[in-house]
Amino acid sequence: MESQELRIGNLVTLGSHNEDFQKVEGLTENMVKLPDSTNNLWVHKSMIYGVPLTPEILEMCGFENWGKFYEHSDTIVYVMHNIIDGSSNFEIQIDGVNKFYPCIDNEAYCWSEFKYLHQLQNLYFALTGYELEINL
């Protein structure tokens with residue numbers, strides 16, 4: 001993960017297999033500030049890992065599983081209704097090998113594969129101006 005991808009408020013972990021999500025509270029060129037009950041915890045960016053996107057994470061973010069894109073397809077579509085202008089649908093298409101591709105109303109695709117929650121958080125903020133609510 002590149003540290004320039006991070007924003008304050010992104011969820012990350014301190015280990016590639018860690019399921020304890022931490023919210024980024026501060027950033028410098030090489031360091032990331034995470035919450036700590038006793039003091040400010042600054043860790044080197046090399047210790048920070050992205051939270052992998054999964055269908056479960058998408059559902060925690062408010063996406064609904066709409067099932068297969070086509071009847072004979074491995075692509076599954078997750079939809080969040082009425083974002084941006086109150087009528088557009090934000091979709092994440094997951095192909096058969098768990099590659100995540102976001103689009104709006106099944107038209108404006110982001111052809112970059114998404115792998116991590118912080119990428120989704122950043123795109124959502126760029127599109128709406130609001131933070132993505134995540135129900136952990």
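Along each chain, residues carry numbers from 1 onward, in the same order as the chain's sequence is written. Under the rules for a predicted model, residues below a pLDDT of 70 receive no local features and side-chain atom pairs below 80 are neither given nor counted, while totals for whole chains, interfaces and linings still include all residues. Computation of side-chain values covers all heavy atoms of the structure but excludes hydrogens and water.

## Some points on the overall build of the protein
Consideration 1: Secondary structure follows DSSP: runs of H or I at least 4 residues long count as helices, runs of E at least 2 residues long count as strands, and numbering of each begins at the N terminus. If you tally the helices and strands in the protein, you get two helices and 11 strands.
Consideration 2: Seen in sequence order, the protein has helices and strands lined up from the N terminus as β-β-β-β-β-β-α-β-β-β-β-β-α.
Consideration 3: Counting only residues that meet the buried cut, the protein has 39% of its 136 residues in that class.
Consideration 4: For this analysis, residues touch if any pair of their heavy atoms sits within 4.5 Å. In the protein, 35% of the contacts between residues at least 6 apart in sequence involve partners at least 24 apart. Only protein chains enter the calculation, and the probe is 1.4 Å; a residue is then buried if its accessible area is under 20% of its type maximum, exposed if over 50%, and partly exposed in between.

## Re the packing of aromatic side chains
Consideration 1: Two rings belonging to Phe, Tyr or Trp (six-membered ring only in the last case) form a pair when the distance between their centres is within 6.5 Å. Interplanar angles under 30 degrees mark stacking, angles over 60 mark edge-to-face geometry, and anything in between is tilted. Overall, the coordinates contain two aromatic pairs when judged by the stated rule.
Consideration 2: One aromatic cluster is present, built from ring pairs that chain together Phe 63, Phe 90 and Tyr 124.
Consideration 3: Only when the NZ of Lys or the CZ of Arg is both within 6 Å of the ring centre and within 35 degrees of the ring normal is a charge said to sit over the ring. Here the guanidinium or amino end of Arg 7 rests over the ring plane of Phe 125, the centre of that ring lying 4.4 Å away.

## Observations concerning the sheet that holds strand 1 (residues 11–13)
Consideration 1: Strands sit in the order 2-1-6 across an open sheet of three strands; the sheet is antiparallel. Two strands bound the open sheet, and with one partner strand each, they are strand 2 (22–23) and strand 6 (49–50).
Consideration 2: Of the pairings in the sheet, the one linking strand 1 to strand 6 comprises two bridges and is antiparallel in character. Bridge pairing in strand 6 places Thr 13 opposite Tyr 49. The pairing criterion is simple: DSSP has to find at least two bridges between the two strands.

## Some details on helix 2 (residues 117–128)
Consideration 1: Taking 1.5 Å per residue, 12 residues should reach 16 Å; helix 2 reaches 16 Å between its end C-alpha atoms and fits that length.
Consideration 2: For helix 2, the complete set of buried residues consists of Leu 117, His 118, Gln 119, Leu 120, Gln 121, Asn 122, Tyr 124 and Thr 128.
Consideration 3: The inward-facing, buried residues of helix 2 contact strand 1, strand 6, helix 1 (55–60), strand 8 (76–83) and strand 9 (88–94).
Consideration 4: Just downstream of helix 2 lies Gly 129, where phi reads positive at about 80 degrees. Multiplying 1.5 Å by the helix residue count minus one yields the expected span of that helix.

## Comments concerning the nonpolar core
Consideration 1: Residues belong to a common nonpolar core when they are buried Ala, Val, Leu, Ile, Met, Phe, Trp, Tyr or Cys residues joined through side-chain atoms within 4.5 Å. Within the largest apolar cluster, 21 residues are counted, with the highest numbers of intra-cluster contacts made by Leu 58, Phe 63, Phe 90, Ile 92, Leu 117 and Leu 120.
Consideration 2: Mapped by element, the contributors of at least two residues to this core are helix 1, strand 8, strand 9, strand 10 (100–104) and helix 2.
Consideration 3: If you look at the next biggest cluster of nonpolar residues, it comprises seven residues, including Val 12, Val 24, Val 32 and Leu 34.

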